[in-house]
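# Structural overview for review
In case you want the letters, here they are:
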Amino acid sequence: MKLIILNDYDQVGEWAAKYIRNKILRFNPGPDRFFILGLPTGGTPLGCYKKLIEFYKKGEISFKYVKTFNMDEYVGIPRDHPESYHSFMWNNLFKHIDIKSENTHILDGNAANLVEECDSFEEEIKAAGGIDLFVGGIGPDGHIAFNEPGSSLLSRTRVKTLAQDTILANARFFDGDLSKVPTMALTVGVATAMDAREVMILITGVHKAFALYKAIEEGVNHMWTVSAFQQHPQTVFVCDEDATLELRVKTVKYFQGMMHVHNKLVDPLPPN
Amino acid sequence: MPTNKSVSKAPITQFVNCRILRDHKLQREDLWVREGRILDPEKLFFDEEGYADQRVDCEGLIIAPGFIDVQINGGYGIDFSQATSNVRGGVALVAKKILEHGVTSFLPTLVTSPPNIYHKVGTTSTPVLSTCPVSHHCCHLEGPFISLEKKGAHPEQYLRSFQSGGMLDLIETYGTLDNVAMVTLAPELPNSEKVVRELAQRGITVSLGHSVANLSQAEEAVQNGASFITHLFNAMLPFHHRDPGIVGLLTSDQVPQDRTVFYGMIADGIHTNSAALRIAHRAHPTGLVLVTDAITAMGLPPGRHTLGQQVIEIQGLHAYVAGTKTLSGSIATMDMCVRHFKQASGCSVEQALEAASLHPAQLLGITRCKGTLDYGADADLVLLDDAINVRATYIAGQEVWRK
């Protein structure tokens, strides 16, 4: 893995956005070859999305030939509920860029048959040719998407019941009323994400530090599902200093020493 | 970009680079319009996989809902209280001209007139311009059931009272109530209670004005259904600390919980002293409705002109009953009023704009389609710069005036 350690949240968002930008530009997508992105929601990727919108507005990047697959969506809340992941993606990314609606894919938590919805999502990913870059965050309990502790590391897109911790953490978005918080969600599986050709995980903040430690310094374990990416050949973890607080000094120094090399990945590309 | 609209094939316009007034705040958001209504772009994106057919670059301007003037007597030589041969044409002319001031909906106002005027003018219905109940075909009848002492510029000989018991007098005078959106009356007139109740039940806004009512009489009228005060402070008893009169409605505790008493303010710098404007605004900010009370001469050069059955004289920004110092109405334009109101009260841009759009729409009960930029509302828009100068006006999403 590459562990990219930056000073703060803003730098993480910027580095990640530049990385995505460069990946798309190098791929050089067109009408017959789309760049396939897997995308997360939540507070962590917001800074990254803001930067991507900036790059689009400056004309540095276009999403015309980019397809997106979101990781998850709540079950049972209306699609236009302000806390649905559809709303999140619309307000924080889609409405500001030139992506076409038919190229965006978000699981439908109100589908008549949820299992069928999950299966067809897997089919759509396959039909698109698989995911080129899967961007994700990490939960304080080490989950990737809604693959809560105990999720099989071989799992695929499916319906998941949310852990109590997650429900409590989400209550703040539902007027603090626990009864309003969705208890189930549709999520890509750990193996679904592992199928991506490359994975980038964003981790910021002290409250994620222990999860990061468990994810990269301990063994592969279904209680900390992000640890599965130790077995992926192309993983980038982008984090701020606060998130490294539970890591060994040795780990941090090693990767900080590599920053001058890793930063080349986000340098502006030479004009073609 | 190609479009794919499963719901409608009508073209979609996206206003970009603008700040829109939504949820009481100016927000940096695009505004989407289709088939004359504000469109929800998220639904368009996810449900229809649709896109804009054309983009309008607003160059950083403010987009507010079109202004609504609930008290305007005429303008540009047109007098709504005159029975001319082309009433419809007159209303249409004023409607077109006041687009320059950002007004997209208004209630043509008739001052106290003899019955034949009401019968002639009232029965000439003007075309409905939208599916919303009030565009410019519903009028405001100011009088004749008003107080003699507070007639202001209204002709004394045509004042009336509810002698026959109320509604009969009304029908006899007005002929029909079909095109009436608002009636101004004095609640202290005997038998007014039944009239207020009946009008309110019919969905007609009852406004108190040109009256010497005390606070209790005014409160009773509100409880019977009155919801507006015609040009606060003017043509009513002045505020008195032991009987605030109609003005006291602004802070009355006798107003039913679920209802708001709105009040019209002519914020032209002439009809109301700025300090009085501020007192009213601070006492009851959500009820303030800007009105122009503009008369025939608005938009015309100085001189003598007719208003109802009387002659008035323009001197600078003032309009008097000829030969007196009684104000007969204003020649201010709505955008001037919004600017003056903001400057005099120190309120925010959003509050100033809402006083001319959201509040009148709330008063008339038409917020589903007017006075807001909510999804589904009619796309009657006014584009303004930060100094609240009108740059362009749209009705049903079509540009109808540009500076």
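If you check an unreviewed UniProt entry, chain B appears there as N-acetylglucosamine-6-phosphate deacetylase from Oncorhynchus mykiss.

Named according to an unreviewed UniProt entry, chain A is Glucosamine-6-phosphate isomerase originating from Oncorhynchus mykiss. Per UniProt, chain A has the following entry under Catalytic activity (unreviewed entry): "alpha-D-glucosamine 6-phosphate + H2O = beta-D-fructose 6-phosphate + NH4(+)". Per UniProt, chain A has the following entry under Sequence similarities (unreviewed entry): "Belongs to the glucosamine/galactosamine-6-phosphate isomerase family."

Residue and element names in this part refer to chain A. Inspection of the secondary structure puts Q11 in helix α1 (residues 9–27). Taking relative accessible area as the criterion, Q11 reaches 32% and is therefore assigned partly exposed. Between the alpha carbons of Q11 and G47 there is a distance of 8.7 Å; along the sequence they are 36 residues apart.

Residues and elements named next belong to chain B. In this structure's numbering, the residues bearing the UniProt feature "active site" (unreviewed entry) are D293. Residue placement: D293 occurs in the loop between β17 (288–290) and β18 (303–307). With a relative accessible area of 7%, D293 lands in the buried category. Excluding residues that lie within four positions of it along the chain, D293 makes contacts with Q71, N73, H231, I266, G329 and S330.

Relative to the elements of secondary structure, B:D40 occurs in the loop between β5 (37–39) and α1 (41–48). An unpaired buried charge is present at B:D40: no salt bridge exists, and B:K43, the closest side chain of opposite charge, is 4.0 Å distant.

Moving on, we come to helix α2 (residues 87–97) of chain B. Structurally, the α-helix is built with 3.6 residues per turn, so residues lying three or four positions apart point the same way. Every buried residue belonging to α2(B) is among B:V87, B:G90, B:V91, B:V94 and B:A95, and all of these are buried. The buried residues of α2(B) all sit within an arc of 135 degrees when viewed along its axis, so they share a single face.

As a further point, take the interface of chain B and chain A. Between chain B and chain A, the residue contacts involve 9 residues of the former and 13 residues of the latter. Buried area between chain B and chain A, both sides added, is near 1,200 Å², and the carbon and sulfur share of it is 56%. Area buried by chain B at its contact with chain A is led by B:E42, B:F45 and B:F46, which between them contribute 50% of it. Our enumeration of links across chain B and chain A arrives at 3 salt bridges. Linking A:D80 and B:K43 is a salt bridge whose minimum nitrogen-to-oxygen distance equals 3.7 Å. A per-class count over the side of chain B that touches chain A returns 4 nonpolar, no polar and 5 charged.

This part covers the packing of aromatic side chains. If you walk through the whole model with that rule in mind, you get 21 aromatic pairs over all chains. Taking the centre distance of 5.4 Å and the plane angle of 15 degrees together, the rings of A:W15 and A:Y19 count as stacked. Of this pair, A:W15 and A:Y19 both sit in helix α1, 4 residues apart, which is roughly one turn of the helix. Here A:Y19 falls in the buried class, since its relative accessible area comes to 3%. Relative to B:Y174, the ring of B:F145 lies with its centre 6.0 Å away and its plane at 90 degrees, an arrangement referred to as edge-to-face.

Close approach of charged atoms lets side chains of opposite charge pair. Scanning the entire structure with this criterion turns up 24 salt bridges over all chains. Two residues, A:K18 and A:E14, come together in a salt bridge whose shortest N-O distance is 3.3 Å. Of the two residues, A:K18 and A:E14 are both situated in helix α1; the distance of 4 residues between them amounts to about one turn of the helix. Assessed through its relative accessible area of 24%, A:K18 is described here as partly exposed. A relative accessible area of 28% places A:E14 in the partly exposed class. Residue B:D47 pairs with A:R79 through a salt bridge whose shortest N-O separation is 2.7 Å. Here the residue B:D47 occupies a position in helix α1, and A:R79 occupies one in the loop between β4 (72–74) and α3 (85–92), the pair thus bridging two chains. What makes A:R79 partly exposed here is its relative accessible area of 22%.

Our focus in this paragraph is the packing of α1(A) against helix α2 (residues 46–57) of chain A. Residues and elements named next belong to chain A. With their axes 7 Å apart at the nearest point, α1 and α2 run at an angle of 50 degrees to one another. With respect to their mutual orientation, α1 and α2 come out oblique. Remark: the crossing between α1 and α2 carries right-handed chirality. The residues of α2 that touch α1, namely those facing Y9, G13, E14, A16, A17, K18, I20 and R21, are L46, G47, C48, K51, L52 and F55. A per-class count over the contact of α1 with α2 returns 8 nonpolar, 2 polar and 4 charged.

With that settled, consider the pairing of strand β7 (residues 62–65) of chain B. Residues and elements named next belong to chain B. Side chains I62 and A64 project from β7 onto one buried face, and the interleaved I63 and P65 project onto a second face that is buried too. Here 4 bridges tie β7 to strand β21 (residues 381–384), and the two strands are oriented antiparallel to one another. Residue I62 lies in a different strand from β21, and its bridge partner there is L384.

Residues and elements named next belong to chain A. Counting through the fold element by element, D240 comes out in strand β10 (residues 235–240). Look at D240: it is buried, it has no salt bridge, and the nearest opposite charge is K208 at 9.6 Å. Side-chain polar atoms of D240 contact the backbone nitrogen of G205, separated by 3.1 Å. In contact with D240, other than residues within four places in its own chain, are L6, N7, D8, Y9, V12, I203, T204 and G205.

Residue and element names in this part refer to chain B. With an omega of 5 degrees, the peptide bond running from G143 to P144 counts as cis. With respect to the element layout, P144 can be found in the loop between β12 (139–142) and α4 (167–174). Positive phi values are uncommon outside glycine, yet E35 reaches one of about 50 degrees. By the secondary structure assignment, E35 is in the loop between β4 (31–34) and β5. For A396, which is not glycine, the phi torsion reads 50 degrees and is therefore positive. Structurally, A396 can be placed in the loop between β22 (390–395) and β23 (398–402).

Turning our attention to the state of the cysteines. Considering all chains together, one arrives at 0 disulfides over all chains under this definition. With no disulfide partner, A:C48 has as its closest neighbouring cysteine sulfur the one in A:C239, 15 Å distant. Looking at A:C48, the relative accessible area reads 2%, which means it is buried. Just so you know, B:C18 is unpaired, no disulfide at all, and the nearest cysteine sulfur is the one on B:C58, 4.4 Å from it. By relative accessible area, B:C18 is classed as buried at 1%.

So, about the environment of B:D258. Residue and element names in this part refer to chain B. Mapped onto the fold, D258 is located in the loop between β15 (228–229) and β16 (262–265). Assessed through its relative accessible area of 68%, D258 is described here as exposed. Measuring from C-alpha to C-alpha, the distance between D258 and R242 comes to 27 Å, with 16 residues separating the pair along the chain.

Cut-offs used in this document
Residues numbered from 1 in each chain as written. Chains lettered and ligands numbered in written order. Predicted model: local features only at pLDDT ≥ 70, side-chain atom pairs only at ≥ 80, totals over all residues. Heavy atoms only, no water. UniProt positions renumbered as here; feature names shortened; annotations may be inferred. Helix = DSSP H or I, 4+ residues; strand = E, 2+ residues; numbered from the N terminus. Buried < 20%, exposed > 50% of the residue type's maximum accessible area, 1.4 Å probe, protein only. Contact = heavy atoms within 4.5 Å. Lys, Arg positive; Asp, Glu negative; His and termini not counted. Salt bridge = Lys/Arg side-chain N within 4 Å of Asp/Glu carboxyl O. Arc of directions from axis to C-beta. Buried area = accessible area lost by both parts, 1.4 Å probe. Nonpolar A, V, L, I, M, F, W, Y, C, P; charged D, E, K, R; others polar. Phe/Tyr/Trp six-rings, centres within 6.5 Å; stacked < 30°, edge-to-face > 60°. Axes fitted to C-alpha atoms, helices over the stretch in contact; angles between N-to-C directions. Parallel < 35°, antiparallel > 145°, perpendicular 65-115°, else oblique. Left-handed = near helix turned anticlockwise from the far one by under 90°. Pairing = 2+ DSSP bridges. Polar contact = N/O pair within 3.5 Å; in protein donor to acceptor, adjacent residues only side chain to side chain. Disulfide = S-S within 2.5 Å.

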